[in-house]
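Structure assessment
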Amino acid sequence: MTSMNNNEELFNQAKNEIEKLWSDNKKLSDFVNWPNDLILKEKNTHKINVADKLSTWKSPNDNQVDKIHNLISNLSPHVHWENGYSENEVNREFLNKYGFFELIGPTGHFLTLEMALYVNFLDNNTHYPLHNHEAEELYFIVSGEAKFESEDEESKILKSTDTRFHKSYQAHSITTFDKKILSFVIWKNKFENVSKIVDPNNI
Ligand SMILES: [Fe+2]
């Protein structure tokens, strides 16, 4: 088998497990329907600092979500990682501890115009500053934990399989302590516009 075929197999295994998760989890399926038109596209590999942090992080357990964690970890060296922000918006340390890739979406590894699913990694002892975006968003925690804070809402520590909804333009921030966190970030409606850091004094 060529390496491209191996990669295709990895991508499809991850997609199939996440599709099963969708049919088992009402929070996910109520937020947005699983797209039935997914097409795997050729997309360049792009490595950033967190790619190795995720590829070396495996779950020792065998639950559905642990299988997904390990499939995503295996995909890490083959995906197009992004930071999303520039050094003008956030500091260099943050850029070394944060990253995401668009697994599914309009510019994702799997193409669809129905939604976007980003795989989001945040290292331990990291603060992802307050930010917002037009898209409605659902976080689904795959593994690890973090404190989620959002405008007009109680802050909460989220762990594996927990979800949290952010309304359009509702500012939110994420803080990790001794654990890192791996999440799915699902966007629907108006997912063309990127996320922007916001000044806490201006909300
Ligand atoms: Fe967000």
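Residues numbered from 1 in each chain as written. Predicted model: local features only at pLDDT ≥ 70, side-chain atom pairs only at ≥ 80, totals over all residues.

Okay, the nonpolar core next. One finds Leu117 and Phe140 to be the most contacted residues of the largest nonpolar core, which totals 42 residues. Here the element with the most residues in this core is strand E6 (residues 136-150); it accounts for seven residues. Setting aside anything within four residues of it in sequence, one finds phenylalanine 140 in contact with Leu28, Thr163, Ser183, Phe184 and Ile186. (Core = buried A, V, L, I, M, F, W, Y, C linked by C-beta atoms within 7 Å. Buried ≥ 20, exposed ≤ 12 C-beta atoms within 10 Å, placed from the backbone. Helix = DSSP H or I, 4+ residues; strand = E, 2+ residues; numbered from the N terminus. Contact = placed C-beta atoms within 7 Å.)

This brings us to helix H4 (residues 64-75). Between the first and last C-alpha of H4 there are 17 Å, a value that for twelve residues agrees with the 16 Å anticipated at 1.5 Å per step. Listed in full, the buried residues belonging to H4 are Ile68, His69, Asn70, Ile72, Ser73 and Leu75. (Expected span 1.5 Å × (residues − 1).)

This brings us to the pairing of strand E4 (residues 116-122). The buried fraction of E4 amounts to seven of the seven residues, a majority that puts the element mostly inside the structure. Here E4 shows two buried faces, one formed by Ala116, Tyr118, Asn120 and Leu122 and the other by Leu117, Val119 and Phe121. Where strand E2 (residues 98-105) meets E4, six bridges bridge the pair, whose relative direction is antiparallel. Considered in E4, the bridge of glutamate 102 is made with tyrosine 118. (Pairing = 2+ DSSP bridges.)

Attention shifts here to the environment of serine 23. Looking at the element boundaries, serine 23 is found in helix H1 (residues 3-24). Residue serine 23 is classed as exposed on the basis of its C-beta count, with 10 C-beta atoms lying within 10 Å. On a C-alpha basis, the gap between serine 23 and asparagine 33 in space is 9.3 Å, while along the polypeptide they are ten residues apart.

Looking at the element boundaries, aspartate 123 is found in the loop between E4 and strand E5 (127-132). Given 21 C-beta atoms within a 10 Å radius, aspartate 123 is considered buried. A sequence separation of 53 residues divides aspartate 123 from threonine 176, and the C-alpha atoms of the two residues are 7.2 Å apart. Ignoring anything within four residues of it in the chain, the contact list for aspartate 123 reads Val50, Lys53, Lys97, Thr176 and Lys180.

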